[in-house]
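Chain and residue survey
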Amino acid sequence: MRANYHTHSKWCHHGTGEIEDFLESAVNAGLEEIAITEHVPHKDNLDYNRMWWEDFIPFDQSLEKAIQKYRQKIKIIKGFECEYYPEEIETYKMFQKEYGYELLMLGQHRAGKNREFDIFAPKGQKELQAYADAVCEGLSTGLFRFLAHPDVALLDYNENKWDPVCEKTMRQIYQCCEKYSIPVEINANGIRGQRRYPDKNAFILSKEYDLQYLINSDAHFPEAVYDEAVQEAERFAKELDLPLLEKL
Ligand SMILES: [Zn+2]
Ligand SMILES: [Zn+2]
């Protein structure tokens, strides 16, 4: 791996480590680029598990300081992991324009009109459909550079068994990625947490589409930037012969 575009720190409230520790870890692993991509803050702080709105300025200052310190050693990109919530799009654009958060990725952790479906809760067909619809609408905005953990919604659906609904969901998502030329992520944090994703059946199916793939650590602690889980993701990609994008 030459670059990692998916990194969280203590600022997201479910990770640990200072930003500088992640940069140090990336430099030690020999990476050429790293994007720091907290879960984007929302004014209403409705999703508890993310950076709080009032933490943004101190976070941004801390990130700028870390960038100054490490900029000679590694290319550092400011980014955010975002859900597609139509009412938040203007705020995402504001972070891009006014604060330089150039790399926005789509990481949809909730779906439904009122964000009522939690991606980590048990799900049925209705929830999967809502997830695929949100992802496709989100990608159609042209704001997002890649799709994080495309198959995350399969987690806790149908006792984690593959079925025609999984196939339909993933086909809808891959069609959108293909249409808008959006790379799909092979997420090492799913491997690290022994979760369902990356789902082998989902990625075998993805080969029917013209897609590019990105391995990301989705690190939530500094040592995870390039760890055994990332190496497992590399083996996964090799085994399935998925064409990897080394850098964005
Ligand atoms: Zn996270
Ligand atoms: Zn993430």
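These remarks concern the structure in this document.

So, the coordination of the zinc ion (ligand 1)
Of the protein atoms, only His 14 (NE2), His 39 (NE2) and His 220 (NE2) coordinate the zinc ion (ligand 1), at distances of 2.1 to 2.2 Å. Mapped onto the sequence, the residues coordinating the zinc ion (ligand 1) show the spacing H-x24-H-x180-H. The class for His 39 is buried, based on a relative accessible area of 7%.

A word on the state of the cysteines
Covalent bonding between the sulfur atoms of two cysteines defines a disulfide. Summed over the entire model, instances satisfying the criterion amount to one disulfide. Between the sulfur of Cys 136 and that of Cys 176 lies a disulfide, 2.3 Å long from S to S. Across the S-S bond of Cys 136 and Cys 176 the torsion is about 105 degrees, and the bridge reads as right-handed. With Cys 136 in helix H4 (residues 125-140) and Cys 176 in helix H5 (residues 164-179), this pair connects stretches of sequence that are 40 residues apart. With respect to burial, Cys 136 and Cys 176 carry one shared label: buried. This cysteine, Cys 12, is not joined by any disulfide, and Cys 82 carries the nearest cysteine sulfur, 14 Å off. Not part of a disulfide, Cys 166 finds its nearest cysteine sulfur in Cys 136, a span of 16 Å. Exposure remark for Cys 166: the relative accessible area of 0% places this residue in the buried category.

Looking at the coordination of the zinc ion (ligand 2)
For the zinc ion (ligand 2), the full set of protein donor atoms is His 6 (NE2), His 8 (NE2), Glu 81 (OE) and Asp 218 (OD), and the range of their distances to it is 2.0 to 2.6 Å. One can describe the donor arrangement at the zinc ion (ligand 2) as irregular, given that its four donor atoms subtend angles of 74 to 159 degrees at the metal. Mapped onto the sequence, the residues coordinating the zinc ion (ligand 2) show the spacing H-x1-H-x72-E-x136-D. Here the zinc ion (ligand 2) and the zinc ion (ligand 1) are spaced 4.2 Å apart. Remark: Asp 218 occurs in the loop between strand S8 (213-216) and helix H8 (228-240) and His 8 occurs in the loop between strand S1 (3-4) and helix H1 (19-28); sequence separation between them is 210 residues.

Calculation criteria
Residues numbered from 1 in each chain as written. Chains lettered and ligands numbered in written order. Predicted model: local features only at pLDDT ≥ 70, side-chain atom pairs only at ≥ 80, totals over all residues. Heavy atoms only, no water. Donors = N, O, S within 2.8 Å, 3.2 Å for Na, K, Ca; no water. Buried < 20%, exposed > 50% of the residue type's maximum accessible area, 1.4 Å probe, protein only. Disulfide = S-S within 2.5 Å. Helix = DSSP H or I, 4+ residues; strand = E, 2+ residues; numbered from the N terminus. Tetrahedral: all angles 85-135°; square planar, octahedral: opposite > 155°, others 65-115°.

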